[in-house]
Amino acid sequence: MESQTTSGNAFSKLFSNFMDAVKGKQTEFTSGSIRKAIFMLSVPMILEMMMESIFAIVDIAYVSRVSVNAVATIGLTESVITLVYALAIGLSMAATAVVARRIGEKDEKGAARAAVQAIFLGILISVVIGVFGLLYSKEILSLMGGSSELIAEGYGYTKFLIGGNITIVLLFLINAVFRGAGDASVAMWTLILSNGLNIILDPIFIFGLGPVPEFGVTGAAIATNIGRGSAVLFQLYILFRGGSRIRLALSDMVLRVKVMLNLIRVSLGGIAQFLIGTSSWVFLMRLMSEFGSEALAGYTIAIRVMMFTFMPAWGMSNAAATLVGQNLGANKPDRAERSVWITGKYNAIFMFLISLVYLFLAKPIISLFTDVAPVIEDGALCLQVVAAGYLFYAYGMVVTQAFNGAGDTQTPTKINLIAFWLVQLPFAYLVSLYLDWGVLGVYLAILVAEVLLSIMAVIWFRKGYWKQTVV
């Protein structure tokens, strides 16, 4: 009876902490229990990332009902848009690092100024990207190896998604500001709004409903722009009307060259870091196109499914980044380091369990999205091979984000350069084409590179140079 009472009390406390995390009640993360701090940040970040991954799964499920070419179009477009978003992702990393450091220093005004300059830079980047998307959507798909039939069916998706990328850039950039401030629950609710709208609008614009005509795969991009654009308006409302530790006023909306240059300096490593990683992904996607649309579709579905697990893992990794940034700002480097190792352990447990699911249930999982046998075979093989390294990825993701949270974006850049360009790309090309292992060679290249990246990240992190980074 006593044990039941104890278990009941523990569950009640856990549920209470969960609700507090979702509501964003705790905003102090530089003192007290590290485990509780990780929990309070991780819960909304995991829910935020899970909502993103749920949308990715639902989106590909809808599009897979259109055609194999439609699925392949999404794969080709996203590989390119991820490459150009590397600029925005690098800026987001800088925004999180600088905002977290200012919050740790109790300089909330400085955090607000950094947020404004990050938004200015994000708008500039997205406008430049958007022009290219609007003008050269067919050329982009052709460059990526898309067939003439694929281009004719899917160029509208590419045009609308890249052309309207400002909604995606600002959504994730402003959420990075919220996360750096420790307002993870605000970031969570904005993404729930965005992806909730996307899920509702997707079938309406893809298949048509009432006065809305059937747009096919192009409708998925239209739904994305509307859903994420609405969430951006909500974010701006929170920033200007309150509800976050960062509150903006019209007087803040001015160019501050010193603050902007500092953001650019910190973001350069992040931009290079993601350009290396995402250009490698583009190369792999281009390599996969050599094996036909069915192989490309299987790979695309598998990547979307894996995002379902990577996103929660990224949620925990982002929690580590915020804890590192804020605790370095509060001059508590040892607490920052302990936060990383504890978060890494939790992430490893989660990723190991998920890897078992993928290893034994790969085909049934891929079968949920398509009934085309070759697509199922290729997608299942991708899941099984890549999931074999999940235990390594768990620590690699957390440690890499810890570097970024500290503002040390240079170290992950060097690690990415070695793992992706010097190892993954040559390995994938030689094994898949020269040795004629086909798609298995590409999947093995992903496994080898990610395991190597994780090992190098842990070794470099233990050296402790990241604690001396100034932002």
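Every chain is numbered on its own, with residues counted from 1 as its sequence reads. Thresholds applied to this predicted model are a pLDDT of at least 70 for local features of residues and 80 or more for the giving and counting of side-chain atom pairs; totals over whole chains, interfaces and linings are not thresholded and use all residues. Only hydrogens and water are set aside when side-chain values are computed; all heavy atoms of the structure are taken into account.

Undergrad: Honestly, the overall build of the chain in this entry has me stumped. Any pointers?
TA: Assigned secondary structure in the chain consists of 16 helices and 0 strands. Two things to know: the radius of gyration comes from C-alpha atoms, and the globule rule equals 2.2 Å times the number of residues to the power 0.38. Here the C-alpha radius of gyration of the chain, 22 Å, is about what a compact globule of 471 residues would show, namely 23 Å. Projected onto its principal axes, the C-alpha coordinates of the chain cover approximately 55 × 50 × 50 Å. Every one of the 471 residues in the chain was classed for burial, and the buried ones make up 58%. Sequence-distant contacts in the chain: of pairs separated by 6 or more residues, those separated by 24 or more amount to 80%. In the form shown here, the chain has an accessible surface area of approximately 18,800 Å², with 68% of it arising from carbon and sulfur atoms. Secondary structure elements are taken from DSSP: a helix is a run of H or I of four residues or more, a strand is a run of E of two residues or more, and numbering for both begins at the N terminus. Each residue is placed in one exposure class: buried if its accessible area under a 1.4 Å probe, protein chains only, is under 20% of its type's maximum, exposed if it is over 50%, and partly exposed if it falls in between. Should any heavy atoms of two residues lie within 4.5 Å, those residues are counted as being in contact. All accessibility values rest on the Shrake-Rupley procedure with a 1.4 Å probe; residue burial counts only the protein chains present in the view.

Undergrad: Just to check I follow, could you spell out the packing of helix α11 (residues 293-329) against helix α13 (residues 373-387) for this structure?
TA: For any two helices packed against each other, one specifies the crossing angle of their axes together with the interaxial distance. It is at 7 Å that the axes of α11 and α13 come closest, and there the two elements cross at 45 degrees. Our classification of the angle between α11 and α13 gives oblique. Every pair of crossing elements has a handedness; the one defined by α11 and α13 is right-handed. For the pair α11 and α13, contact is made by E294, A295, A297, G298, Y299, I301, A302, V305 and M306 and by P374, V375, D378, G379, C382, L383 and V386, respectively. The residue inventory of the contact of α11 with α13, partitioned by class, reads 12 nonpolar, 2 polar and 2 charged. Helix axes use the C-alpha atoms of the stretch in contact, all axes being lines fitted to C-alpha atoms, and the angles between their N-to-C directions lie in the range 0 to 180 degrees. Angle categories: roughly parallel below 35 degrees, roughly antiparallel above 145, roughly perpendicular from 65 to 115, and oblique for all the rest. Should the near helix be turned anticlockwise from the far one by less than a right angle, the crossing is termed left-handed; should it be turned clockwise, right-handed. Side-chain classes are defined by residue name, with Ala, Val, Leu, Ile, Met, Phe, Trp, Tyr, Cys and Pro counting as nonpolar, Asp, Glu, Lys and Arg as charged, and the others, Gly among them, as polar.

Undergrad: Looking at this model, I keep getting lost on the packing of aromatic side chains. Mind explaining?
TA: Aromatic rings in a pair are described by how distant their centres are and how their planes are angled relative to each other. Think of it this way: a Phe, Tyr or Trp ring, Trp meaning its six-membered ring, pairs with another when their centres are within 6.5 Å, and the plane angle makes it stacked under 30 degrees, edge-to-face over 60, tilted otherwise. Scanning the entire structure with this criterion turns up 11 aromatic pairs. A centroid spacing of 6.2 Å and a plane angle of 15 degrees characterise the contact between Y299 and Y443, whose relative ring orientation is stacked. Taken together, the positions of Y299 in helix α11 and Y443 in helix α16 (residues 439-463) put the pair 144 residues apart, joining distant regions of the chain. Of the two residues, Y299 and Y443, both sit in the buried class. Grouped by ring-pair contacts, the aromatic residues F310, Y358, Y390 and Y393 constitute a single cluster. Sitting over the face of the ring of F207, R65 holds its NZ or CZ atom 4.7 Å from the ring centroid. Only when the NZ atom of a Lys or the CZ atom of an Arg is both within 6 Å of the ring centre and within 35 degrees of the ring normal do we say a charge sits over the ring. The side chain of K138 reaches across the aromatic face of Y155, ending 4.6 Å from its centre.

Undergrad: Explain the nonpolar core here, please?
TA: Soluble globular proteins tend to bury their nonpolar side chains together. The biggest cluster of nonpolar side chains holds 107 residues, and the ones touching the most others in it are I246, M306 and Y390. When residues in this core are grouped by element, the largest group, 15 residues, is from helix α3 (residues 68-104). In contact with M306, not counting residues within four places along its chain, are Y358, C382, L383, V386 and Y390. Among the buried residues, those of types Ala, Val, Leu, Ile, Met, Phe, Trp, Tyr and Cys that are joined through side-chain atoms within 4.5 Å form a nonpolar core. If you look at the next biggest cluster of nonpolar residues, it comprises 21 residues, including A336, V399, A402 and A449.

Undergrad: Even after reading the chapter, I still don't get empty space enclosed by the protein, so can you show me in this structure?
TA: Rolled over the atoms, a probe with the dimensions of a water molecule shows which regions are left empty. Think of a 1 Å grid over the protein atoms and nothing else: a 1.4 Å probe that fits but is trapped marks a cavity, an open set flanked by protein within 12 Å on at least five of seven lines marks a pocket, and residues with an atom within 4 Å of a point count as lining. Grid points are joined across faces, edges and corners, and a volume is the space filled by probe spheres set on the points. Applying the stated criterion across every chain, the model contains 4 cavities of 30 Å³ or more. Its boundaries defined by the atoms lining it, the second largest cavity holds a volume of some 40 Å³. When residues in the lining of the second largest cavity are grouped by element, the largest group, 3 residues, is from α11. Along the lines of polarity and charge, the residues of the lining of the second largest cavity split into 3 nonpolar, 2 polar and 2 charged.

Undergrad: Would you explain a nonpolar patch on the surface in this entry?
TA: Within the patch definition used here, like charges are joined within 9 Å and nonpolar side chains (Val, Leu, Ile, Met, Phe, Trp, Tyr) within 5 Å, considering only residues with over 30% relative accessible area and no salt bridge. Basic side-chain nitrogens of Lys or Arg form a salt bridge, by our definition, when they fall within 4 Å of a carboxyl oxygen of Asp or Glu. A cluster of nonpolar side chains, I349, F352, L353, L356, V357, L359, F360, L361, L391, F392, I455 and I459, forms an exposed patch at the surface whose accessible area comes to about 1,100 Å². When residues of the nonpolar patch are traced back to their parent elements, those giving at least two are α12 (333-367), α14 (390-406) and α16. Per-element accounting of the nonpolar patch gives the leading share, 8 residues, to α12.

Undergrad: In this structure, what is going on with the pattern of salt bridges? I would like to understand it.
TA: Following the criterion strictly, the structure yields 7 salt bridges and no others. A salt bridge links R102 to E105, with the shortest nitrogen-to-oxygen separation between them at 2.9 Å. For R102, a relative accessible area of 13% puts it in the buried group. The closest approach of N and O atoms between D334 and K467, which form a salt bridge, is 3.8 Å. Here the residue D334 occupies a position in helix α12, and K467 occupies one in the segment after α16, the gap between them amounting to 133 residues. Given the relative accessible area of 28%, K467 is considered partly exposed. Here the salt bridges share partners, and the residues they tie into one network are D334, E337 and K467.

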